[in-house]
Amino acid sequence: MLQILYFGSKVTGLSIQVELRGYAQLVSSGKVNLCVCEVATVADIANIPTGSNVNIPILLYLNTNEKTIIEKLRGMRVHGVFYPPINGDAMKKKIDQLLNLDVPIATGGANDFERLKIKILAKTENVPMLPVIVNKIIAMSKDKNVPMSAVTEQVKMDQGISSKVVRMVNSPFFMLREHVSSIDKAIVLVGGEAVKNIALATATNSYYNKPFKMYDTTGTALWAHAYMVAVLCEMLAREAGADPDMYFLAGLFHDIGKIVLVEFLVQIVHDAQEERAQIKLDHAEVAGMIAERWQLAGELVQALKMHHDPQDNVIAKTVFWADRLAHFSKKRNDADFEAQFTDLMEKLVKGSGLVIKNVAGLAEKIKELLKAGDIIT
Ligand SMILES: [Fe+2]
Ligand SMILES: [Fe+2]
């Protein structure tokens, strides 16, 4: 049986011991095969064995999201990192891999991917918190006693957001016949609900304010895509009697992980699989971490994490299909648009897991939306 030198809290040690029962034994001294260090506080960093005389693999159990700690761990020579929750199978797999490494551990051999993951985590911790107005709108929308008029009043109070909303409402996306010059008129013409959602989108567009060459796109296009997916998710939720606000946010933030990952990609990627091949992480996982940092609802965090592998998660499945539809909108001028659209709608109704009452009516609404044009002005 493997002998593991363990540094960390008793509780964590016990959990690891239970998970690794029959495979490894945690000890505090003697001849050992590897070392596991729990890092939950700054003080724990001192427990990590360092120096050229260290000749066993060192695994960290990073039990914190604290930015200052992650920063301090940067560049440290460790050979692997675990994150909560403790999973015996994953641990065993990683330990087996490590013990079979050909690299001379005492002279380096740190796993580049693990170092990269620490860097990505640190970068994720640096994503700015949500703007105050966004948190206010989310909180107000959750409260059934707050009327929509109070939410739009809140939007009106923010001059910057209001003027952006007015500009957005004049984009081809809304197909309005007359020019809108004030927020009050926007509320009348597109409705309070839409104004609230445009405000959420415009208040979060600065996150995309950087080049996205490695995604073969631009920040503006990525943001417009997020909005389109959000509107589609909301529409689907409404038809199925699910929570439209939750679905809107899931759509709006589904690709937010790309704002972090884009800084680590060295080759152009087209999907989550290509991201994983390059950096062992995908934007869905990072989106979940950002949403956790933003303290969004657990359901939302989970849906973001799963939007490329939705399994039984209905919100994630809806995002997945709304995403397909949004990409499909680029084909609005294709000769066989109708046939392709019908096919996609059929797959969506089966695949989303939502119980949609009026499929034909919904299809018409979605078709109109896909043909309307972009929100970019
Ligand atoms: Fe995505
Ligand atoms: Fe997407």
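Structural data are supplied above this passage.
A brief structural summary. (Residues numbered from 1 in each chain as written. Chains lettered and ligands numbered in written order. Predicted model: local features only at pLDDT ≥ 70, side-chain atom pairs only at ≥ 80, totals over all residues.)

On the secondary structure map, aspartate 245 appears in helix H11 (residues 244-252). A sequence separation of 52 residues divides aspartate 245 from glutamate 193, and the C-alpha atoms of the two residues are 9.6 Å apart. (Helix = DSSP H or I, 4+ residues; strand = E, 2+ residues; numbered from the N terminus.)

Here we take up the environment of asparagine 358. Tracing the backbone through its elements, the reader meets asparagine 358 in the loop between helix H17 (337-352) and helix H18 (359-372). A tally of 10 C-beta atoms within 10 Å means that asparagine 358 is categorised as exposed. Taking the C-alpha atoms as reference, asparagine 358 lies 26 Å from leucine 300; in sequence the two are 58 residues apart. (Buried ≥ 20, exposed ≤ 12 C-beta atoms within 10 Å, placed from the backbone.)

Before going further, it helps to spend a moment on the nonpolar core. Counting 102 residues, the largest nonpolar core has Val165, Tyr227, Leu232, Cys233 and Ala250 as its most contacted members. Counting contributing residues, this core receives three or more from each of domain 1 (2-125) and domain 2 (132-372). Aside from chain neighbours lying at most four places away, what touches tyrosine 227 is Ala201, Leu252 and Ile375. (Core = buried A, V, L, I, M, F, W, Y, C linked by C-beta atoms within 7 Å. Domains from an automatic or database assignment. Contact = placed C-beta atoms within 7 Å.)

For strand S1 (residues 2-7) and strand S2 (residues 24-27), the ladder comprises four bridges, and the chain directions are parallel. Its bridge partner lying in S2, isoleucine 4 is registered against leucine 26. Taken together, S1, helix H1 (residues 10-19) and S2 form a β-α-β motif whose crossover is right-handed. (Pairing = 2+ DSSP bridges. Right-handed = clockwise from strand over helix to strand, strands pointing away.)

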